[in-house]
Amino acid sequence: MRAERIVDPDMPVDEIMRRWPSTIAVMIRHHMLCVGCPIGPFHTVTDACAEHGVDERLFVQELISAIRG
């Protein structure tokens, strides 16, 4: 399955970090406090980007790059 179809902006950030630990570095690079956050299982990529003022489109591209290695 292609990474573009795997990373859904409606997917909780906690699920993304658990499935693909390499994405944790992307969260940290953007100063997102999602790692270990109790809201992580409920916050979607869209929610987290809005909360932290991060461009969602670019963020998803970075997640995909991290997944691909």
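Residues numbered from 1 in each chain as written. Predicted model: local features only at pLDDT ≥ 70, side-chain atom pairs only at ≥ 80, totals over all residues. Heavy atoms only, no water.

### A word on the overall build of the protein
Rules: A run of DSSP states H or I qualifies as a helix once it reaches four residues; a run of E qualifies as a strand once it reaches two. Both are numbered from the N-terminal end. The globule rule is 2.2 Å times the number of residues to the power 0.38, and the radius of gyration it is compared with is taken over C-alpha atoms. Burial classes: relative accessible area under 20% of the type maximum marks a residue as buried, over 50% as exposed, and values in between as partly exposed (1.4 Å probe, protein chains only). Any two residues having at least one pair of non-hydrogen atoms within 4.5 Å are treated as being in contact. Only the protein chains shown count as cover for residues, and all accessible areas are computed by the Shrake-Rupley method using a 1.4 Å probe. Positive charges come from Lys and Arg, negative ones from Asp and Glu, while His and the chain ends are left out of the count. A charge is said to be at NZ when it belongs to Lys, at CZ for Arg, at CG for Asp and at CD for Glu.
A tally of helices and strands in the protein yields five helices and zero strands. Mapped in sequence order, the helices and strands of the protein form the string α-α-α-α-α. In terms of C-alpha radius of gyration, the protein reaches 10 Å, essentially the compact-globule figure of 11 Å for 69 residues. Summarising its shape, the C-alpha atoms of the protein cover approximately 30 × 20 × 20 Å along the three principal directions. In the protein, which comprises 69 residues, the share counted as buried stands at 39%. Looking at the protein alone, contacts between residues at least 24 apart form 61% of all its contacts between residues at least 6 apart. Surface exposure of the protein reaches about 4,300 Å², of which carbon and sulfur atoms provide 56%. Charge centroids of the protein, computed over 7 positive and 10 negative side chains, lie 9 Å from each other.

### So, the nonpolar core
Rule in force here: Side-chain atoms within 4.5 Å link the members of a nonpolar core, which is a set of buried Ala, Val, Leu, Ile, Met, Phe, Trp, Tyr and Cys residues.
Counting 20 residues, the largest nonpolar core has Met27, Met32, Cys34, Val45, Phe59 and Leu63 as the members making the most contacts within it. For this core, the secondary structure elements donating two or more residues are helix H2 (13-19), helix H3 (24-29), helix H4 (45-52) and helix H5 (56-68). For this core, the leading source of residues is H5, giving five residues. For Leu63, the residues in contact, after removing those within four places along its chain, are Val7, Ile16, Thr23, Val26, Met27 and Val45.

### A short note on a negative patch on the surface
Basically, it comes down to this: Residues forming no salt bridge and having over 30% relative accessible area are the ones grouped into patches, like charges within 9 Å of each other and nonpolar side chains (Val, Leu, Ile, Met, Phe, Trp, Tyr) within 5 Å. By definition here, a salt bridge exists when the distance from a side-chain nitrogen of Lys or Arg to a carboxyl oxygen of Asp or Glu is within 4 Å.
On the surface, Asp8, Asp10, Asp47 and Glu51 cluster together to form a negatively charged patch. Along the chain, the position of Asp10 falls in the loop between helix H1 (3-6) and H2. For Asp10, a relative accessible area of 56% gives the class exposed.

### Some remarks on the packing of H4 against H5
Where we set the bar: The axes are straight lines fitted to the C-alpha atoms, using for helices just the contacting stretch, and the angles between their N-to-C directions are given from 0 to 180°. Each angle receives one of four descriptions, namely roughly parallel if under 35 degrees, roughly antiparallel if over 145, roughly perpendicular if within 65 to 115, and oblique otherwise. In this scheme the handedness of a crossing depends on how the near helix is turned from the far one: anticlockwise by less than a right angle means left-handed, clockwise means right-handed.
At a minimum axis separation of 10 Å, H4 and H5 run at an interaxial angle of 120°. Between H4 and H5, the angle is such that the two are oblique. Two packed elements cross with a definite hand, and for H4 against H5 that hand is right-handed. For the pair H4 and H5, the contacting residues are Val45, Thr46 and Cys49 in the first and Glu56, Phe59, Val60 and Leu63 in the second.

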